[in-house]
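If you want the building blocks of each chain, they are given just below.
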Amino acid sequence: MKTAAKVIRNLENAGFEAYIVGGAVRDFLLGKVPHDMDVASNAYPEEVKKLFNRTVDIGIEHGTVLVLMEGEGIEVTTFRTESEYTDLRRPDKVEFVQSLEEDLKRRDFTINAMAMDKDLAIIDPFGGKSDLEKCLIRAVGEAGERFQEDALRMLRAVRFSGQLNFAIEEGTLAAIRSHASLIRSVAVERLKNELDKILLNPRTQHSMAYLKDSGLAKHLPAGGLLSMDWTGYEPKGQAAFGWAYLLHSQQKQFEEIKGYKFSNAERRLVERALEAANLTEWDDWTFYCFEAKELEIACYLNGTDMDIPLRKEQLPIKSKRELAVNGIDLMEWSGRKQGPWLRQWIEKMERHIVYGQLENDNGLIKDWFLNEYNGDS
Ligand code: ATP
Ligand code: MG
């Protein structure tokens, strides 16, 4: 907050207006520590850049410059209006405007459409403070129109309901019901971004109930799956827990949710967690083959409690890299060229070592190999 106040003071000293806006004001009024600070100003990006030593162009065409100060990053965005979002988070076209009020008017909900000056005075043209007190999510202006401009806002309403434990105001909810199908027009990356946040927020089931009841779910990829009962779900700080929970509790495959364009790493994490969760028994080989995070999610799914770091720590080797021999040794000892046999023998050797049946020592492994290999070939 102090750093943001300094940024504002600098802008004001140069003759501009500047305010803290959006989620930070909301969170401040709720007595929470805002996780990022957004400043809005009538200064143009080029002017902001001239005023501060260290800046990063993070969205200059949309009017946003990141100001680095005292180890913090403050996003300074020129007052603007906007239209059409087709990408992840930025509008396609923006128009810079001169007044704060016009900038606040383009924001989604009254609780997100307040500003605060450096002396903590609140500018609240749409009754955001009163809605905060009533724990209500209400669209700024005519809800239906706002959802036609950007249909993602409907899903954002659902997301904030769980994040804040708020209700969606009746008229806003009615507008979601009547415009629900528009959510189909939103880029899947933007949808996933909000769903990830729903899976992380403290009241996932609250959001999911709205998702279903508002009629939004049935227009979303895997909407049927999302409409399940989330009562038993407890968020765990990473969205992958939620996606895995969704599939595991309905015994579905990853294919069902692939429409959300997961990264390869996320996909692997979810799939491997499900694989581990579905194993009937876990032994040292399981702890060797699966990553700690995969096992952590699997434990969560199965409701089991295990000291995964300890079980991994106790393994004779933690990965292939620790093996005292390599493929070249095996080729030399057997006199054979590379081939599928090599992988099979390396795995056989790994298993013996992991299970403690063979010591990870080059000489001992050689004896074992020559013995077993001759017996085999
Ligand atoms: P969080 O604490 O989850 O980050 P936030 O309110 O900061 O919540 P952001 O998605 O970071 O939410 O957006 C910052 C602000 O930008 C919002 O508070 C809102 O004023 C505005 N905003 C963001 N997305 C939209 C949108 N699709 N339509 C209108 N206004 C939006
Ligand atoms: Mg934010």
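Computed from a predicted structure; not experimentally measured.

Undergrad: Describe the environment of A157, and please don't skip the residues or the numbers.
TA: Checked against the element boundaries, A157 lands in helix α7 (residues 152–164). In this structure, the C-alpha to C-alpha distance between A157 and A167, residues ten residues apart in sequence, is 9.2 Å. Not counting chain neighbours up to four residues away, the residues in contact with A157 comprise F109, I137, I168, T172 and I176.

Undergrad: Explain unusual backbone geometry to me, and be specific about the residues and the numbers.
TA: Here the phi dihedral of C135 falls at roughly 55°; this positive angle occurs in a residue that is not glycine. Here C135 shows up in the loop between α5 (128–133) and β10 (136–137).

Undergrad: How would you explain the domain arrangement of the protein if you had to name every residue and give the values?
TA: In terms of domain boundaries, the protein breaks down into domain 1 (1–127), domain 2 (135–235), domain 3 (237–315) and domain 4 (318–377). For domain 1 versus domain 3, the separation of C-alpha centres amounts to 40 Å.

Undergrad: Give me the lowdown on the site of ligand 1, citing residues and values where you can.
TA: The local shell around ligand 1 consists of G22, G23, R107, D108, N112, A113, D150, L152 and R153. Per-class residue counts for the shell around ligand 1 are two nonpolar, three polar and four charged. Both domains that furnish three or more residues to the shell around ligand 1 are identified here as domain 1 (1–127) and domain 2 (135–235).

Undergrad: Quick one: what's the story with helix α9 (residues 188–200), residue by residue and with numbers?
TA: With 13 residues, α9 extends 18 Å between its outermost C-alpha atoms, agreeing within 8% with the 18 Å of an ideal straight helix rising 1.5 Å per residue. Those residues of α9 that sit buried are L191, K192, E194, L195, I198 and L199. The buried side chains of α9 occupy one side of the element, clustering within an arc of 165° when seen end-on. Looking at the buried positions of α9, the neighbouring elements they touch are α7, α10 (204–213) and α12 (239–249).

Here is what the cut-offs are and how they apply
- Residues numbered from 1 in each chain as written.
- Chains lettered and ligands numbered in written order.
- Predicted model: local features only at pLDDT ≥ 70, side-chain atom pairs only at ≥ 80, totals over all residues.
- Helix = DSSP H or I, 4+ residues; strand = E, 2+ residues; numbered from the N terminus.
- Contact = placed C-beta atoms within 7 Å.
- Domains from an automatic or database assignment.
- Near = placed C-beta within 6 Å.
- Nonpolar A, V, L, I, M, F, W, Y, C, P; charged D, E, K, R; others polar.
- Expected span 1.5 Å × (residues − 1).
- Buried ≥ 20, exposed ≤ 12 C-beta atoms within 10 Å, placed from the backbone.
- Arc of directions from axis to C-beta.

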